[in-house]
Structures are given as structure tokens and as C-alpha cells.
Amino acid sequence: EVQLVESGGGLVQAGGSLRLSCAASGFTFDDYAIGWFRQAPGKEREGVSCISSSDGSTYYADSVKGRFTISRDSAKHTVYLEMNNLKPEDTAVYFCAANLMRSRCVTTMTSHEYSYWGQGTQVTVSS
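Participant: Before we go on, may I ask you to explain the overall build of the protein chain in this structure?
Facilitator: Of regular secondary structure, the protein chain possesses 0 helices and 11 strands. Listed by position from the N terminus, the elements making up the protein chain come as β-β-β-β-β-β-β-β-β-β-β. What you see for the protein chain is a C-alpha radius of gyration of 13 Å, in line with the 14 Å of a compact globule of 127 residues. Considering the protein chain as a whole, with its 127 residues, one finds that 43% of them fall into the buried category. In the protein chain, 61% of the contacts between residues at least 6 apart in sequence involve partners at least 24 apart. Carbon and sulfur atoms make up 44% of the accessible area of the protein chain, which amounts to about 6,400 Å² in all. Side-chain charges in the protein chain split into 11 positive and 13 negative, and the spacing between the mean points of these groups amounts to 4 Å.

And the structure:
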């Protein structure tokens, strides 16, 4: 069975850092682009970052560019999102997801292209 399990969330002060992990199993990890989304209360789900399986190219939303770094470890079937200089507006539930339609990321992340989703991990940034 396909599983994506996020971990690493928590409560941090503004300016702090967290490293999220997405452990994948039950599918061919190296065939799919993997993305991170987030959803804050009362707001729509937002694409944050994506990493391609084909060439390792990455995408970042403008709101996190320069602060977040996505990476993947094929041997461990894990995707990471290192978040630095966190801001209160980063507070959200963060989800990882696999895109079965693409092996490369595109500049616009659309949630309907992602078929496999984790349960999410809460990130709370206090001011």
C-alpha cells in the first residue's frame, strides 16, 4: 500500500528552523515528482516546493524561496524540506505528495496532479 508519512513538525519561534521529512513506501519512488504543500486555517492549500525525480530540479514558491530547501534521498525513499528563518505566516499543516503525472516539477503546483498524500505535520511559528 502506498504510504507517505511526514514528520519533523513542531513549535518554533520566528527566525528558527525545522527539517521536515517525508518517508515514502509502496510505490516506485524515483518515478515521481514529490511536492510539499501547506494549508493554514481558513486558507486554500498552497504549493510550497517540489523536487523532480528525473533530474533533481526543484521549484519553490516565491514566499519561501531563499528560506526553504528541498532534497531527496533515493536510498532512503525520503524527501526533506529544510525550513530556515521561519515566519509566523509559515504556520500551517504541511503535506507531502507524489505527482503521478510528472517526473519533473513545473512552475505551477496544482494539487489535483498529486495522487498520493501524507497525513500532514503541524508547523507552528510563534512571533
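The rest of the description comes next.
Participant: I would appreciate a short explanation of unusual backbone geometry in the present structure.
Facilitator: Negative phi values dominate among residues other than glycine, just as trans dominates among peptide bonds. Within the chain, H77 stands out as a residue other than glycine whose phi angle is a positive 50 degrees. Locating H77 in the fold gives a position in the loop between β7 (68-73) and β8 (78-83).

Participant: Got a minute to help me understand the pattern of salt bridges in this structure?
Facilitator: Two side chains that carry opposite charge are able to pair once their charged atoms sit near each other. A full pass over the atoms with the stated rule returns 6 salt bridges. One salt bridge connects D90 with R38, and the closest N-O pair in it is separated by 2.9 Å. Of this pair, D90 sits in the loop between β8 and β9 (92-99) while R38 sits in strand β4 (residues 33-39), placing them 52 residues apart in sequence. Note on accessibility: D90 and R38 belong to one class, buried. Here R104 and D55 are joined by a salt bridge, their closest N and O atoms 3.7 Å apart. Of the two residues, R104 is situated in the loop between β9 and β10 (114-117) and D55 in the loop between β5 (46-51) and β6 (58-60); the sequence distance between them amounts to 49 residues.

Participant: I tried to follow the side chain of N99 on my own but got confused; where do I start?
Facilitator: With respect to the element layout, N99 can be found in strand β9. Judged by its relative accessible area of 2%, N99 is buried. A polar atom in the side chain of N99 sits 3.2 Å from the side chain of E113. Leave out the neighbours within four places in its chain, and N99 touches Y32, A33, E113 and Y114.

Cut-offs applied
- Counting of residues starts from 1 at the beginning of each chain's written sequence and follows it residue by residue.
- For this predicted model, a pLDDT threshold of at least 70 governs which residues receive local features, and a threshold of 80 or more governs which side-chain atom pairs are given and counted, while totals over whole chains, interfaces and linings are taken from all residues.
- Working from all heavy atoms in the structure, the side-chain values ignore hydrogens and water.
- We count a stretch as a helix when DSSP gives it H or I for four or more residues in a row; a strand needs E for two or more, and each element gets its number in order from the N terminus.
- Note that the radius of gyration is over C-alpha atoms, with the globule rule given as 2.2 Å times the number of residues to the power 0.38.
- A simple rule labels every residue: compare its accessible area, found with a 1.4 Å probe on the protein chains alone, to the largest value its type can have, and call it buried under 20%, exposed over 50%, or partly exposed in between.
- Two residues form a contact once any of their heavy atoms are found within 4.5 Å.
- Under the convention used here, a 1.4 Å probe and the Shrake-Rupley method define accessible areas, while residue burial counts only the protein chains that appear.
- In this count, Lys and Arg are taken as positive residues and Asp and Glu as negative ones, while His and the chain termini are left out.
- Lysine's charge is taken at NZ, arginine's at CZ, aspartate's at CG and glutamate's at CD.
- What counts as a salt bridge is simple: a side-chain nitrogen of Lys or Arg found within 4 Å of a carboxyl oxygen of Asp or Glu.
- Between N or O atoms, a polar contact is any pair within 3.5 Å; within protein, one atom must be a potential hydrogen donor and the other a potential acceptor, and residues adjacent in sequence are included only when both atoms are from side chains.

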